Amino acid sequence: MISVFIVEDHKVVAEGFEHLINESGIALVTGKAYSVAECKELLFKTQVDVLLLDISLPDGSGIDLCPQIKKEYPEIKILMLTSYSELSIIMRVLEDGASGYILKNAMAEEIIEGIKTVASGKRFLCEEVNMLLKDNDIQLVRLSRREQELLRLIVAGYSNSEISEKMFLGYLTIKSYRKNLILKLNAHNTAQLVKMAIEQKLV
């Protein structure tokens, strides 16, 4: 059974999800939290495979909580379950380590499928979010910490020589990294790389 922890500020909504999950036969809710503080307090003593995380919480945001949880508990799979469908929010939490994103108006079967998929180590997006990304022609790419640092410096306008000094790497290494980054993001040149990085909020 997949152990699930729910972070949702509305108790009735949390209980509804709990009933749905417990009846699925594939997962069991092992804990619930109604705030950021309560989530942090309960996580260290609760067995968790998948964490269902809302964005709007009374004492903070699931957007900020997501990378904190991934840093402290990297083995936990975070599945955002929220009403927010803004592209910038979706991109940010996925880049910050969330394994999936589901809107609360999704079908019950889709929520269960999402839990099962992220628990297996794969990414899951509900149909509406998937279509939103396709409509905006956005390719989800996971960048390493070093790639993110390099991309930030490129967007800031630094040359390869300057980046080499800042990252304490050889000039040829930076040149190679930049080329690989352009290929990874499917950009044609540095100008397009910068444009994509800004539009997709990769930096």
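Before reading further, recall that the structure is shown in the block above.
Rules of the game
- Residues numbered from 1 in each chain as written.
- Predicted model: local features only at pLDDT ≥ 70, side-chain atom pairs only at ≥ 80, totals over all residues.
- Heavy atoms only, no water.
- Buried < 20%, exposed > 50% of the residue type's maximum accessible area, 1.4 Å probe, protein only.
- Helix = DSSP H or I, 4+ residues; strand = E, 2+ residues; numbered from the N terminus.
- Right-handed = clockwise from strand over helix to strand, strands pointing away.
- Pairing = 2+ DSSP bridges.
- Salt bridge = Lys/Arg side-chain N within 4 Å of Asp/Glu carboxyl O.

Enquirer: How should I be thinking about the pairing of strand β7 (residues 100-103) in this particular structure?
Expert: Moving residue by residue along a regular strand, the side chains alternate between the two faces of the sheet. Neither face of β7 is left uncovered, since the one carrying Gly100 and Ile102 and the one carrying Tyr101 and Leu103 both have all their residues buried. For the crossover that starts at strand β6 (residues 77-82), traverses helix α4 (residues 87-95) and ends in the parallel β7, the hand is right-handed. Pairing of β7 with strand β8 (residues 124-125), which is carried by two bridges, proceeds in the parallel orientation. Each residue of the ladder has a partner; that of Gly100, found in β8, is Phe124. Note that the unit made of β7, helix α5 (residues 108-119) and β8 has a crossover that is left-handed.

Enquirer: I tried to follow the pattern of salt bridges on my own but got confused; where do I start?
Expert: Evaluation of the coordinates by the stated rule reveals six salt bridges. Glu18 is the salt-bridge partner of Lys32, the closest N and O atoms lying 3.0 Å from each other. Here Lys32, found in strand β2 (residues 27-33), pairs with Glu18, found in helix α1 (residues 11-22); they are 14 residues apart in sequence, far enough to count as distant. Here Asp64 makes a salt bridge to Arg92, at a shortest N to O gap of 3.1 Å. With Asp64 in helix α3 (residues 62-72) and Arg92 in helix α4, this residue pair connects regions lying 28 residues apart in the sequence. Take Asp64: its relative accessible area is 39%, and that puts it in the partly exposed class. Each of the salt bridges in this network shares a partner with another, and the network as a whole consists of Glu8, Asp54 and Lys104.

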